[in-house]
Amino acid sequence: QVQLVESGGGLVQAGGSLRLSCAASGRIISISAMGWFRQAPGKERAFVAAITCSDSRTYYADSVKSRFTISRDNAKNTVYLQMNKLKPEDTDVYYCAARRSAGVPVTPRLYDYWGQGTQVTVSS
């Protein structure tokens, strides 16, 4: 089993920045990739970004390219999502996810482990 704990959400003005963290514990060696998803009330969970554990390849949704950066610190077993130039439409609950199998899908159901989520609110 793998446990994921997110932190770093909060309230920020449009144009500002936040950094989310996702600390992993447990059977970490089994993880192939980690990602971030977001979800608004009444909407489906949507892919934001992901990073592979073997070679740190990164993947982004078009809506966040050039604004968000995903990275990882192996020593701390932590993945980060640096979010810059935030917009009101970035307001969501952000979830960290981990996957055992190879590949980096954008479909939430293909990820095996999830954190509890952290709220990000961007005011206009």
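To be clear, the structure that these remarks concern was listed above.
Evaluated as defined, the whole model comprises 5 aromatic pairs. Considering the side-chain rings of Tyr95 and Trp114, the 6.5 Å spacing of their centres and the 80 degrees angle between planes classify their relative orientation as edge-to-face. A residue pair is termed long-range when its members are at least 10 positions apart, and Tyr95 in strand E9 (residues 92–99) and Trp114 in strand E10 (residues 113–114) qualify at 19 residues. By the ring-pair criterion, three or more aromatic residues cluster together here, those being Phe37, Phe47, Tyr95, Tyr111 and Trp114. For Arg45, the ring lying beneath its charged end belongs to Tyr95, and the centroid distance is 3.6 Å. Between Arg45 and the ring centre of Trp114, over which it is positioned, the NZ or CZ distance is 4.8 Å.

Below, the discussion takes up the nonpolar core. In a soluble, globular protein the nonpolar side chains are often hidden away together inside. Ranked by internal contacts, the top residues of the largest apolar core, which has 32 residues, are Leu4, Met34, Trp36, Leu81, Met83 and Tyr94. Sorting the residues of this core by element identifies strand E1 (2–7), strand E3 (18–26), strand E4 (33–39), strand E5 (46–52), strand E7 (68–73), strand E8 (78–83), E9 and strand E11 (118–123) as the ones contributing at least two each. Looking at which element gives the most residues to this core, the answer is E5, with 5 residues. Not counting the four nearest positions on each side in its chain, Met83 is found in contact with Gly16, Ser17, Leu18, Leu20, Arg67, Phe68, Tyr94 and Val120.

A word on the sheet that holds E1. Reading across the sheet, the 4 strands line up as E1-E3-E8-E7 and stay open at both edges, with antiparallel pairing between neighbours. Sheet topology places E1 and E7 at the edges, where each strand pairs with a single neighbour. Shown here is a sheet whose adjacent strand axes are inclined to one another by a mean of 15 degrees, direction ignored. Two strands pair when backbone bridges link them, and E3 and E8 are joined in this way by 6 bridges, in the antiparallel orientation.

Our next topic: the environment of Leu18. Tracing the backbone shows Leu18 in strand E3. Between the C-alpha atom of Leu18 and that of Pro41, which follows or precedes it by 23 residues, the distance is 21 Å. Apart from residues no more than four positions distant in its own chain, Leu18 is found in contact with Gly8, Gly10, Val12, Leu81, Gln82, Met83, Leu86 and Val120.

Rules of the game
Residues numbered from 1 in each chain as written. Predicted model: local features only at pLDDT ≥ 70, side-chain atom pairs only at ≥ 80, totals over all residues. Heavy atoms only, no water. Phe/Tyr/Trp six-rings, centres within 6.5 Å; stacked < 30°, edge-to-face > 60°. Helix = DSSP H or I, 4+ residues; strand = E, 2+ residues; numbered from the N terminus. Lys NZ or Arg CZ within 6 Å of the ring centre and 35° of its normal. Core = buried A, V, L, I, M, F, W, Y, C linked by side-chain atoms within 4.5 Å. Buried < 20%, exposed > 50% of the residue type's maximum accessible area, 1.4 Å probe, protein only. Contact = heavy atoms within 4.5 Å. Pairing = 2+ DSSP bridges. Axes fitted to C-alpha atoms, helices over the stretch in contact; angles between N-to-C directions.

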